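Survey of secondary and tertiary structure
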Amino acid sequence: MSAEMANEIKLISGRSHPELSDKIAKRLGIEVARTISLNYSNQETSFTVGESVRDEDVFIVQSTATGDVNEGLMELLIMISACRTASARRITAVIPNFPYARQDKKDKSRAPISARLVANMLQTAGANHIVTCDLHASQIQGFFSVPVDNLYAEPSFLRYIRENFNPEDCVIVSPDAGGAKRATSIADHLNTAFALIHKERPRPNVVGRMVLVGNVEDKVAILVDDMADTCGTLVKAAAVLKENGAKSVLALVTHGILSGNAIETLNGSVLSALVVTNTVPLGDKVQRCPKLRVIDISPTIAEAIRRTHNGESVSYLFTHAPV
Amino acid sequence: MVRNIVVLGGNSHPALVDSVCNALSLPPCNRILTKFSSGESRCEIQDSVRGKDVYIIQTGFGGNGSRLNDHFMDLCIMISACKTGSARRVTAVLPLFPYSRQPDLPYNKAGAPLFKAGSSDNGRKDYTFESVPATPAPGIPKSVGLTNGTDITSKLLKTSLTNGTQSPIKQLNGDGYFPVNGVNGTSNTSPVKQTGAYTTHDYENLSHVGAFQAKPGYKQWVAQAGTLVANLLNCAGADHVITMDLHDPQVQGFFDVPVDNLYGRPLLKRYIAQHIPNYKDAVIISPDAGGAKRATAIADSMGVDFALIHKERRPTKITDRQNASMMLVGNVQDRICILIDDLLDTGNTITRAAKLCKKEGATKIYALLTHGVFSGDAINRVQASAIDKVVVTNSVPQDKHKALLGSKLDVLDISPIFAEAIRRVHHGESISVLFNHD
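Predicted model, so just to flag it, every value in this text is computed and none were measured.

1. Digging into the overall build of chain B
What chain B contains, in helices and strands, is 14 helices and 15 strands. Buried positions account for 55% of the 438 residues belonging to chain B. Sequence separation of 24 or more characterises 65% of the internal contacts of chain B that already satisfy a separation of 6 or more. A total accessible area of about 18200 Å² is found for chain B, and carbon and sulfur atoms account for 53% of it.

Set out below in structure tokens:
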């Protein structure tokens, strides 16, 4: 390291979530690199680099804006490939909300494993390292042959629960069997009770019958999940918990995708609050939904970037949230 | 009926998929191809593709409410789904190859236009990069990378002022039919979607790029996405690519798999022979030096005269800019002009060329292009131009353009060419006969 010329962090921001990039940049005490990306009138994406990235440590921050996933992904791929051809030493794609994370297995005949495709595309474009947050399935890391750092919002959630509630009064609830591991981990850290809701899903984006396993009576039920999309699951789960005697119900979710009628669904639900991190740009949703609370995840991401750049261990961040 | 073959269509051009399937007399593959409410593509292929020869038709065109990048991702997902579904071979059929036209770089041998504006950069023009660490001096930030705030703003202020004074000249540089779009100031942090605001020519127009300025001492450059697109198709699993009239034939070299570049030329030639009266006396014109080869090939084989328009992308400081920026080589006086190019995007090049031909005394002007994208205000521009007839192929959907342009637009059907190419590729026959065919 000392023999080489010192290189710097170059933070490049895509168009999907500039607020997050600005927060990360501020935290790192640097400026976002000068770049411009735009769509030509024929809708092709164009990206221009306005400063040298030669032999620098490039971090490209691109989330996936709801409804514009493919646009953001294409822009990210073009940005990576542009930095690769501009002789960057290392390119790290910082993708807080990994796109297509739910299409991670061949669950039907001829279903695409799009998460694997995205992983391959990122590597083809030239990404040397991936930083992401709460992957829907951590096995997605195996789709890559480059290092993937999967950060967790869990430490931030633990702090939020400890600051706002008495853990003794709480029950951590997983809204589906797949998320049980995530929820039990939080329950273990807080030393609280745990419950699980079993659901049937007849079609995508539609939720079927739900069954509660465990006791939530006279407790604050805290639903924990990795993403809230149309919020159908969460709202139904909240109703089931309320029916089973929960004092109040709130939900802690890493990625607030909140697509379709999510805001209306939330506003009309028994959920007292939905706590999300800012991995996904929320736009005006915070104004439209008084139940929505946002935890800033940028300190964790910024610290991961700093540690990655300096070659320090990132595992500290799996259990601690920087303030 | 062709056996063991599956034709799968994307959402970009359903009409072409249908007519190709008709020509091959087989039904298109059943599939679900929509979007989840989160914006992710949802693709399910409902017919078996195991051991089959799969052709996926998706053109590089976004419009009518759909997005180009969505179509491209859909294509990659479909390819990958067929691959995981044990298809024997997957061929991507892209009538119009996306990102094939590399943008015009803002720099040429003569220098950097962006630095012309900022007189404050005079002293540093010669550096390709700043020395690290920078020599501390007034106006130069001490720590590299941490540009000191006042320095940038003063620079931006100066450049924007000079841009302001230059803008009237720059507007003349446009096509002359329409005032140039309002200044779109963008910064890298603005989340605003710019649809239809920029074209690949806009880097010559400083006012369009607005507030963006490269770091002093660094020559900005625009990402060239062509290679990336080729690599992504490879990585998705395409075993073969069929496309038509690539803007740069070199794109074929970006692929590790076979690429068949079909020509729209036979169709255009047939149109000239059948629909243009006394075409032997007409002049075939290439509106751009880059397309000269394409136009001379047609002119030679038909025995028609040829002329060329030399289009200077960056005009020098001469008052009569329309004449200064374009130059016609050849004689068109009292003759029919046939402009030939591969792509009509915003229509800037072709309408300017038509204007020049008219000025030089052309009687009638035809414009023959393989791909008619008609993006931005192209429809209005063509409508107002000196072009009497625009002829394009249906490599991208033309229904809407036809409705707007009416009898000014003629559309040639390319589905027989693609159907024949698919049939021949499937049977392992030579497709070079399609290249020579008149």
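2. What about the overall build of chain A?
Within chain A one finds 10 helices and 14 strands. Scaling as 2.2 N^0.38, a compact globule of 323 residues should have a C-alpha radius of gyration of about 20 Å, and chain A matches this with 20 Å. Burial status across chain A gives 63% buried among its 323 residues. A separation threshold of at least 6 residues defines the contact pool for chain A, and within that pool the share at least 24 residues apart is 62%. Here chain A displays about 11900 Å² of accessible surface, and carbon together with sulfur accounts for 49% of that area. Looking at chain A, you have 34 positive and 35 negative side-chain charges, and the mean spots of the two groups are 4 Å apart.

3. Section: the sheet that holds strand β2 (residues 35-39) of chain A
Strand order in this open sheet of three strands is β2(A)-β3(A)-β6(B), and the pairing throughout is antiparallel. Sheet topology places β2 of chain A together with β6 (221-222) of chain B at the edges, where each strand pairs with a single neighbour. Where β2(A) meets strand β3 (residues 45-49) of chain A, five bridges bridge the pair, whose relative direction is antiparallel. Residue A:Ile36 lies in a different strand from β3(A), and its bridge partner there is A:Thr48. The strands that helix α2 (residues 69-85) of chain A touches are β2 and β3 of chain A together with β6 of chain B; relative to β3(A), the one it contacts most, it runs at about 35°.

4. Focus: the interface of chain B and chain A
Contact with chain B, which involves 76 residues of that partner, is made by 68 residues of chain A. Both faces considered, chain B and chain A share a buried interface measuring about 6100 Å² in area, 56% of it formed by carbon and sulfur atoms. Put simply, chain B and chain A have two salt bridges between them. Residue A:Lys108 pairs with B:Glu44 through a salt bridge whose shortest N-O separation is 3.5 Å.

5. Remarks on helix α2 (residues 68-84) of chain B
All names here are of chain B. Between the first and last C-alpha of α2 there are 24 Å, a value that for 17 residues agrees with the 24 Å anticipated at 1.5 Å per step. Burial within α2 is extensive, with 15 of its 17 residues counted as buried. Looking one or two residues beyond α2, the residue adopting positive phi is Ser-86, at roughly 65°.

6. Description of the confidence of the model for chain B
Residues and elements named next belong to chain B. Confidence in the prediction for chain B averages 78 pLDDT; 71% of positions are at 70 or higher. Counted against residues more than four places away or in other chains, residues 202-208, with its pLDDT under 50, gives 29 contacts. In the predicted assembly, ipTM is 0.92 and pTM is 0.85.

7. Some details on the packing of helix α7 (residues 265-275) of chain B against helix α8 (residues 292-302) of chain B
All names here are of chain B. Contact geometry for α7 and α8: axes closest at 11 Å, N-to-C directions at 50°. Viewed along their axes, α7 and α8 adopt a mutual orientation that is oblique. The handedness of the crossing between α7 and α8 is right-handed. Taken together, the residues of α8 that come into contact with α7 (itself represented by Arg-265, Leu-268, Lys-269, Ile-272 and Ala-273) are Ala-297, Ile-298, Ser-301 and Met-302.

8. Let's talk about the pairing of strand β1 (residues 9-13) of chain A
The element β1(A) is extensively covered by neighbouring structure, given that five of its five residues are classed as buried. Residues A:Ile9, A:Leu11 and A:Ser13 line one face of β1(A) and the alternating positions A:Lys10 and A:Ile12 line the opposite face, and both faces are buried.

9. Notes on the sheet that holds strand β5 (residues 89-94) of chain B
Residue and element names in this part refer to chain B. The parallel open sheet is built from five strands, whose spatial order is β1-β4-β5-β7-β8. Two strands bound the open sheet, and with one partner strand each, they are β1 (5-9) and β8 (259-262). When strand polarity is set aside, the average angle formed by the axes of neighbouring strands in this sheet is 20°. Where β5 lies against strand β7 (residues 240-244), four bridges are found, and the strand directions are parallel. Counted as the bridge partner of Leu-94 is Thr-243 from β7.

10. Comments concerning the packing of helix α3 (residues 114-125) of chain A against helix α6 (residues 226-236) of chain B
Contact pair α3(A) / α6(B): the axes reach a minimum separation of 9 Å and the direction vectors enclose 140°. As the angle between them shows, α3(A) and α6(B) are arranged oblique. As for the relative orientation of α3(A) and α6(B), their crossing is right-handed in sense. Residues A:Leu117, A:Asn120, A:Met121, A:Thr124 and A:Ala125 of α3(A) form the contact with α6(B), whose own contacting residues are B:Leu228, B:Asn231, B:Leu232, B:Cys235 and B:Ala236. By residue class, the composition of the contact of α3(A) with α6(B) is seven nonpolar, three polar and no charged.

11. So, the packing of aromatic side chains
Both the distance between ring centres and the angle between the ring planes are used here to describe each pair of aromatic rings. Taken as a whole and judged by the stated rule, the model has three aromatic pairs over all chains. Positioned above the aromatic ring of B:Tyr263 is the side chain of B:Arg265, whose terminal nitrogen or guanidinium carbon lies 4.8 Å from the ring centre.

12. A closer look at unusual backbone geometry
Negative phi is the rule for most residues except glycine; trans is the rule for most peptide bonds. Phi at A:Gln43 takes a positive value of approximately 75°, unusual for a residue other than glycine. Positionally, A:Gln43 belongs in the loop between β2 and β3. Even without a glycine there, the phi angle at B:Ser25 is positive, about 45°. Along the polypeptide, B:Ser25 turns up in the loop between α1 (14-24) and β2 (31-35). Judged by its relative accessible area of 42%, B:Ser25 falls in the partly exposed class.

13. Describing the side chain of A:Glu51
All names here are of chain A. Summarising the element assignment, Glu-51 is placed in the loop between β3 and β4 (57-61). The exposure class of Glu-51 is buried, given its relative accessible area of 7%. A polar contact of 2.5 Å, which involves the side chain of Glu-51, links it to the side chain of Lys-10.

14. Some details on the pairing of strand β10 (residues 305-311) of chain B
All names here are of chain B. When strand β9 (residues 283-286) meets β10, the two strands line up parallel, connected through four bridges. Counterpart to Ile-284 in the pairing with β10 is Phe-306. Each parallel crossover has a hand, and the one from β9 via α8 to β10 is right-handed.

The rules behind these values
- Residues numbered from 1 in each chain as written.
- Chains lettered and ligands numbered in written order.
- Predicted model: local features only at pLDDT ≥ 70, side-chain atom pairs only at ≥ 80, totals over all residues.
- Heavy atoms only, no water.
- Helix = DSSP H or I, 4+ residues; strand = E, 2+ residues; numbered from the N terminus.
- Buried < 20%, exposed > 50% of the residue type's maximum accessible area, 1.4 Å probe, protein only.
- Contact = heavy atoms within 4.5 Å.
- Areas by Shrake-Rupley, 256 points an atom, 1.4 Å probe, with all protein chains shown as cover.
- Rg over C-alpha atoms; globule rule 2.2 N^0.38 Å.
- Lys, Arg positive; Asp, Glu negative; His and termini not counted.
- Charge placed at Lys NZ, Arg CZ, Asp CG, Glu CD.
- Pairing = 2+ DSSP bridges.
- Axes fitted to C-alpha atoms, helices over the stretch in contact; angles between N-to-C directions.
- Buried area = accessible area lost by both parts, 1.4 Å probe.
- Salt bridge = Lys/Arg side-chain N within 4 Å of Asp/Glu carboxyl O.
- Expected span 1.5 Å × (residues − 1).
- pLDDT = per-residue confidence, 0-100.
- Parallel < 35°, antiparallel > 145°, perpendicular 65-115°, else oblique.
- Left-handed = near helix turned anticlockwise from the far one by under 90°.
- Nonpolar A, V, L, I, M, F, W, Y, C, P; charged D, E, K, R; others polar.
- Phe/Tyr/Trp six-rings, centres within 6.5 Å; stacked < 30°, edge-to-face > 60°.
- Lys NZ or Arg CZ within 6 Å of the ring centre and 35° of its normal.
- Polar contact = N/O pair within 3.5 Å; in protein donor to acceptor, adjacent residues only side chain to side chain.
- Right-handed = clockwise from strand over helix to strand, strands pointing away.

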